[in-house]
Amino acid sequence: MPAAITCVEDLRAMARRRVPRMFYDYVDGGSWTESTYAANEADFARIKLRQRVAVNLENRSLKTRMLGQEVAMPVALAPTGNTGMVHADGEILAAKAAEAFGVPFTLSTMSICSIEDVARHVERPFWFQLYMMRDRAFIRSLIDRARQANCSALMLTLDLQVPGQRHKDRRNGLTTPPKPTFPNLVDLATRPRWCAGMLRTPRRTFGNIVGHARGVDSISTLSTWASKQFDPTLSWQDVEWVKKLWGGKLILKGILDPEDARHAASSGADALVVSNHGGRQLDGAPSTIESLPAIVDAAASQMEVWLDGGIRTGQDVLKALALGASATMIGRPFLYGLGAAGQAGVRKCLELIASELDLTMALCGRTEVRSVDRGILLPGTFPTAQRTHHRAH
């Protein structure tokens, strides 16, 4: 790992050079004008911190709990599709890096390495993310497989019943694996490290689906299946059904509105994730940090509220905690690390965020991450539940 890697942005620049354009753009793109994707980061930057001095800063701790599990810092790896296309065996490498660091890893339904594959390579339980598909028998079997693999929580993503339009993916003709078109072959020729990794692994398509879903036995049948499977009829009754079927800890991801947060709280789920799918679904929706305070007001007394989207530094994590999130999730930052340097890159990403979180917390005069509240923020620079509510009306 080059000594010059000092922040997540350095990892992003490195990943951009090493990952084929189709998959780099998949990671780094939003829907339509990408205004919500941009707002996720920009709205964090507007929040200012209060610097405090002459406070004893010894014995600082970033440790906390997520769903009752002790974590090294309040950051989990979010579920991301196509992770194994960013780097060969990507999900396995990311899960191992997260485990060694002491933070949770979430495997996506649309992962390249299967649930069973990842389970074979880690000691501790990980989380599994589920999309609601029309084929309910397949959903039952996925939940069953997650249970067999000893997954300790199920995360149901609610905001992808209809996929948002991402211009970059359309222009690039995104497919997994890439089709051998002339532009793709030219691009791959400039990514020898990525190609060498892919030649060494058998994992090149969606491992949880091919050979498991009815009638999906090849890459050609997979794309037809996937285009028809995301279920637009998903309702709160389905959430209850999944909860009963799973029987364990349930996390609901994709909440952006206080009313939906109240539904989530009454569904009996254990945690919700404030998320706009990284700005990849509804362009023009508010940023996650702007939405957070009103959702904390609506649901935090009944369940854990986490934030996912826009986090690029440990400072962003601290700001989310100050505004009431009990934890956060990262997607793009760890994917940049993975694309840059595989497992070592994911570890580097986690080390950078932990170090930034620790130093910023100290300079704000706090030593316990669990005690962070809005007292560390400069009044007038951060969103409040009232301000978000007024905008909504």
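Worth saying up front: this structure is predicted, and the values here are computed from it rather than measured.

## What to know about the nonpolar core
For soluble globular proteins, nonpolar side chains are generally found buried alongside one another.
Alright, step 1. Met 73, Leu 77 and Leu 272 are the most contacted members of the largest nonpolar core, which totals 115 residues.
Alright, step 2. No other element matches the 13 residues that helix α16 (residues 332-363) contributes to this core.
Alright, step 3. Here Met 73 is in contact with Leu 62, Thr 64, Phe 101, Val 103, Leu 350, Ile 353, Ala 354 and Leu 357, once residues within four sequence places are set aside.
Alright, step 4. If you look at the next biggest cluster of nonpolar residues, it comprises 14 residues, including Val 71, Ala 76, Ala 153 and Ala 327.

## With respect to the side chain of Thr 64
Alright, step 1. Here Thr 64 lies in strand β1 (residues 64-66).
Alright, step 2. Note on Thr 64: relative accessible area 8%, which makes it buried.
Alright, step 3. Those residues in contact with Thr 64 that lie beyond four places of it in its chain are Gln 69, Glu 70, Val 71, Met 73, Pro 74, Val 369 and Arg 370.

## A closer look at α16
Alright, step 1. A rise of 1.5 Å per residue sets the reference length of α16, with its 32 residues, at 46 Å; its end C-alpha atoms lie only 27 Å apart and thus fall more than 12% short of the reference.
Alright, step 2. Along α16, the helix axis deviates most sharply at Ala 341, where the bend reaches about 145°.
Alright, step 3. Of all 32 residues that make up α16, 23 are buried, and the element is covered over most of its length.
Alright, step 4. Positive backbone phi, at 85°, marks Gly 365, one or two positions downstream of α16.

## Concerning the packing of helix α13 (residues 258-266) against helix α14 (residues 288-299)
Helix packing geometry: the angle between the two helix axes and the distance between the axes.
Alright, step 1. Viewed as axis vectors pointing N to C, α13 and α14 meet at an angle of 35°, and their least axial separation amounts to 8 Å. Here α13 runs over α14; the crossing is right-handed. Counting all contacts with α13, which are made through Pro 258, Ala 261, Arg 262 and Ala 265, the residues of α14 involved are Ala 294, Ile 295, Ala 298 and Ala 299.
Alright, step 2. When grouped by side-chain class, the residues that make up the contact of α13 with α14 number 7 nonpolar, no polar and 1 charged.

## Examining the environment of Gln 148
Alright, step 1. Mapped onto the elements of the fold, Gln 148 is located in helix α7 (residues 136-148).
Alright, step 2. Taking the C-alpha atoms as reference points, Gln 148 and Ala 119, separated by 29 residues in sequence, lie 9.5 Å from one another.

## Comments concerning the packing of α7 against helix α12 (residues 236-246)
Alright, step 1. Remark: α7 packs on α12, axes separated minimally by 10 Å, with the N-to-C direction vectors making an angle of 40°. Relative to α12, the element α7 is oriented oblique. Handedness of the crossing formed by α7 with α12: right-handed. Packed against α7, whose contacting residues are Arg 136, Ile 139, Arg 140, Ile 143, Ala 146 and Arg 147, the element α12 presents Asp 238, Trp 241, Val 242, Leu 245 and Trp 246 at the interface.
Alright, step 2. Class assignment for the residues of the contact of α7 with α12 results in 7 nonpolar, no polar and 4 charged.

What counts, and at which threshold
- Residues numbered from 1 in each chain as written.
- Predicted model: local features only at pLDDT ≥ 70, side-chain atom pairs only at ≥ 80, totals over all residues.
- Heavy atoms only, no water.
- Core = buried A, V, L, I, M, F, W, Y, C linked by side-chain atoms within 4.5 Å.
- Buried < 20%, exposed > 50% of the residue type's maximum accessible area, 1.4 Å probe, protein only.
- Helix = DSSP H or I, 4+ residues; strand = E, 2+ residues; numbered from the N terminus.
- Contact = heavy atoms within 4.5 Å.
- Expected span 1.5 Å × (residues − 1).
- Bend = angle between axes of the 7 residues up to and from the residue.
- Axes fitted to C-alpha atoms, helices over the stretch in contact; angles between N-to-C directions.
- Left-handed = near helix turned anticlockwise from the far one by under 90°.
- Nonpolar A, V, L, I, M, F, W, Y, C, P; charged D, E, K, R; others polar.
- Parallel < 35°, antiparallel > 145°, perpendicular 65-115°, else oblique.

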